[in-house]
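# Breakdown of the fold
Below are the chains, spelled out letter by letter.
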Amino acid sequence: MTASGGDLPPHPALAGGPVYLDYNATTPVDPRVAAAMWPYLTDFFGNPSSSHPFSQEPQRALAEARAQVAGLIGAGPGEIVFTGSGSEADLLALRGAVLASGRPHPHVITQATEHPAVLETCRALERLHGVRLTVLPVDGEGLLDPAALAAAFTEDTVLVSVMAANNETGALQPITELTTLTHEHGALFHCDAAQAAGKAPLDVSELGVDLLTLVGHKMYAPKGTAALYVRDGVRLEPVVYGGGQERGLRAGTENVALAVALGTAAQLAADELVSGAPARIAALRDVLHQRLTDGLPGRVRLNGPETNRLPNTLNVSVDGALGHELLTAVGQIAASTGSACHSGTHTPSPVLTAMGLDGDRALGALRLSLGRWTTPGDIETAAAALIRAAAAQ
């Protein structure tokens with residue numbers, strides 16, 4: 001069983017700094033992950049595609065890492081393709097499926113609160129490859145109505161892409177229902193599970209997905225490592241051409257150290273799911289929400305679903321306050337807001353806008369995301385600081 005939270009020693013990168021509540025943006029590298037990958041940066045340097053003794057340990061480690069990633073999502077090791085980022089995995093899934101379809105006028109469906117890695121790839125396919133794109137709306141909780149998807153299919157639909165969990169609100173989409181509809185219409189289904197992997201149980205067979213993206217730096221591995229699950233039998237156009245690595249879908253000598261890091265992170269995440277770590281984090285999230293609600297009566301409003309969301313994610317708006325000003329005033333917390341800053345001007349989050357939130361509420365939003373090293377003390381410190389800052393506005 002894997003230790004977490006109060007059972008783990010303090011993380012060196014977090015000790016003495018602000019309370020870190022931005023785990024959805026990126027996670028600190030788990031020291032166990034760093035220790036596992038280190039030998040493949042130093043001692044075991046061989047090319048895993050070679051046939052001499054220096055390649056043997058890299059080959060073994062790469063195979064083990066593939067099996068560990070597969071184990072987290074109930075896949076077969078041969079269905080895992082390592083990539084350099086979640087954005088690259090999304091590109092391989094979307095572009096790969098569209099170009100491999102052979103359709104002269106392919107149709108792709110996605111939804112309005114997808115990550116830009118999906119939305120911008122879809123728009124590029126529309127611009128460069130003649131794809132017809134449908135972007136479906138979401139409801140006030142950020143959820144896609146399956147009936148809206150059912151009505152959007154055409155005879156040219158080749159792919160649907162819907163994320164498992166939203167990165168800002170944590171909203172969990174009804175993936176199994178959506179995949180059933182998609183397969184009834186003969187299309188493939190891609191799911192960006194960057195935020196959900198390791199936080200919620202994922203089984204690709206139960207979900208029914210054909211393609212699924214996982215990202216290392218969202219689950220305590222370094223940046224620069226990710227994977228795409230590709231169901232056996234699914235044809236994709238490669239994202240990188242060359243030597244045939246990664247089932248011929250992503251050529252280039254494998255980065256064994258980063259693959260080992262992702263595999264170790266996946267194994268730790270799988271252990272935590274079994275040990276009940278998500279419930280511990282959800283309890284801390286709910287305490288934070290309650291503290292803010294009690295300390296700022298009538299001013300705190302939850303954005304997104306109350307129950308059907310990730311256990312670590314709390315997105316709230318504080319009436320009469322601006323999220324970016326609150327966080328600027330609170331040096332004790334590292335978190336994100338419901339706005340984006342461009343040349344000094346703050347604009348509401350497109351995710352919150354797509355959910356129908358007005359500008360004031362969206363600009364007053366805070367995304368507070370917890371993780372493996374969040375403690376009860378962190379929650380009390382963060383709540384007290386935010387309450388003081390909001391009361392002053």
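The structure reproduced in this document is the subject of the present report.

Calculation rules
Residues numbered from 1 in each chain as written. Predicted model: local features only at pLDDT ≥ 70, side-chain atom pairs only at ≥ 80, totals over all residues. Heavy atoms only, no water. Helix = DSSP H or I, 4+ residues; strand = E, 2+ residues; numbered from the N terminus. Rg over C-alpha atoms; globule rule 2.2 N^0.38 Å. Areas by Shrake-Rupley, 256 points an atom, 1.4 Å probe, with all protein chains shown as cover. Lys, Arg positive; Asp, Glu negative; His and termini not counted. Charge placed at Lys NZ, Arg CZ, Asp CG, Glu CD. Contact = heavy atoms within 4.5 Å. Buried < 20%, exposed > 50% of the residue type's maximum accessible area, 1.4 Å probe, protein only. Arc of directions from axis to C-beta. Core = buried A, V, L, I, M, F, W, Y, C linked by side-chain atoms within 4.5 Å. Pairing = 2+ DSSP bridges. Axes fitted to C-alpha atoms, helices over the stretch in contact; angles between N-to-C directions. Salt bridge = Lys/Arg side-chain N within 4 Å of Asp/Glu carboxyl O. Left-handed = near helix turned anticlockwise from the far one by under 90°. Nonpolar A, V, L, I, M, F, W, Y, C, P; charged D, E, K, R; others polar. Phe/Tyr/Trp six-rings, centres within 6.5 Å; stacked < 30°, edge-to-face > 60°. Lys NZ or Arg CZ within 6 Å of the ring centre and 35° of its normal.

Across its full length, the chain holds 14 helices and 15 strands. In terms of overall size, the chain behaves like a compact globule, its C-alpha atoms giving a radius of gyration of 21 Å where 393 residues would be expected to give roughly 21 Å. Over its C-alpha atoms, taken along the principal directions, the chain stretches across nearly 65 × 55 × 40 Å. As presented, the chain carries roughly 15,600 Å² of accessible surface, and 55% of it is formed by carbon and sulfur atoms. Side chains of the chain carry 25 positive and 39 negative charges; the gap between the two charge centres is 3 Å.

A separate point is the environment of D232. Mapped onto the elements, D232 comes out in the loop between β8 (226-230) and α9 (256-275). Each C-alpha atom of the pair D232 and K199 lies 25 Å from the other, and the pair is 33 residues apart in sequence. If we ignore the near neighbours within four places in the chain, the residues touching D232 are E79 and R247.

Here we take up helix α7 (residues 175-184). Listed in full, the buried residues belonging to α7 are I175, L178, T179, L181 and T182. The buried residues of α7 occupy an angular sector of 160° when projected down its axis, which confines them to one face. On its buried face, α7 is in contact with α6 (146-152), β5 (157-161), β6 (188-192) and α8 (204-207). Of the residues trailing α7, G186 is marked for its positive phi of about 75°.

Turning our eyes to something else, we now look at the nonpolar core. Formed by 54 residues in total, the largest nonpolar core has its most connected members in I73, I80, F82, V209 and L212. No other element matches the eleven residues that α9 contributes to this core. Non-local contacts of L212, meaning those with residues more than four positions away in its chain, are made with I73, H190, C191, A193, V204, L207, A227, L228 and Y229.

Before going further, it helps to spend a moment on the environment of V29. When you line up the elements, V29 lands in the loop between β1 (19-20) and α1 (31-37). Taking relative accessible area as the criterion, V29 reaches 30% and is therefore assigned partly exposed. With 35 residues separating them along the chain, V29 and E64 place their C-alpha atoms 20 Å apart. What V29 contacts, discounting residues up to four positions off in sequence, is H11, A34, Y220, A221 and P222.

Bringing the sheet that holds strand β9 (residues 300-302) into the picture now. In space, the four strands of this open sheet follow the order β9-β10-β15-β12, with antiparallel pairing throughout. Each of the sheet's edge strands pairs with one partner strand only, and the pair in question is β9 and β12 (336-337). Pairing analysis gives two bridges linking β12 to strand β15 (residues 365-369), with the strands arranged antiparallel. Bridged to S336 within β15 is R367. Each of β9, β10 (313-318) and β15 touches helix α10 (residues 277-295); the most contacted strand, β10, lies at about 10° to it.

Bringing the pattern of salt bridges into the picture now. Scanning the model with the defined rule gives 14 salt bridges in all. For the salt bridge of R32 with D30, the shortest nitrogen-to-oxygen distance reads 2.7 Å. Judged by its relative accessible area of 30%, R32 falls in the partly exposed class. With a relative accessible area of 1%, D30 lands in the buried category.

Once that is clear, we can look at the pairing of β8. Each regular strand shows side chains that alternate between the opposite faces of the sheet. Counting buried residues in β8 gives five out of five residues, a clear majority hidden from the surface. The alternating pattern of β8 places A226, L228 and V230 on one face and A227 and Y229 on the opposite face, and all of these are buried. The pairing of strand β2 (residues 80-83) with β8 spans four bridges and is antiparallel. In the strand pairing of β8, F82 is matched with A227. As paired strands, strand β7 (residues 211-215) and β8 are joined by five bridges and run antiparallel to one another. Bridge assignment links T213 to a residue of β8, and that residue is L228.

Right, let's talk about the packing of helix α4 (residues 86-101) against helix α5 (residues 116-129) for a bit. One can describe the packing of α4 onto α5 by two numbers: an axis separation of 9 Å at closest approach and a directional angle of 35°. By crossing handedness, the relation of α4 to α5 is classed as right-handed. Seen from α4, the contacting residues are S87, D90, L91, L94, R95, V98 and L99; seen from α5, they are A117, V118, T121, C122, L125 and H129. Tallied by class, residues from the contact of α4 with α5 come to eight nonpolar, three polar and two charged.

Okay, unusual backbone geometry next. A positive phi is found at Y220, a non-glycine position, where the angle reads about 75°. Mapped onto the fold, Y220 is located in the loop between β7 and β8. One non-glycine residue with positive phi stands out, namely E246, at about 55°. Inspection of the secondary structure assignment puts E246 in the loop between β8 and α9.

We now examine the packing of aromatic side chains. Two descriptors summarise a pair of aromatic rings, namely the distance from one centre to the other and the angle between the planes of the rings. The full count for this structure, using the stated rule, is five aromatic pairs. Ring geometry for Y23 versus Y220: centroids 6.1 Å apart, planes at 55°, classification tilted. Placement of the pair is Y23 in the loop between β1 and α1 and Y220 in the loop between β7 and β8, with a sequence separation of 197 residues. Taking relative accessible area as the criterion, Y23 reaches 2% and is therefore assigned buried. Here the aromatic rings of Y40 and F44 are separated by 5.4 Å at their centres, their planes lie at 35°, and the arrangement is tilted. On the basis of relative accessible area, Y40 is assigned to the buried category, the value being 13%. Residue F44 is classed as partly exposed on the basis of its relative accessible area, which comes to 34%. An aromatic cluster is built from Y20, Y23, Y220 and W373, whose rings are joined through pairwise contacts. In this structure, R372 is placed above the aromatic ring of Y220, and the distance from its NZ or CZ to the ring centre is 3.9 Å.

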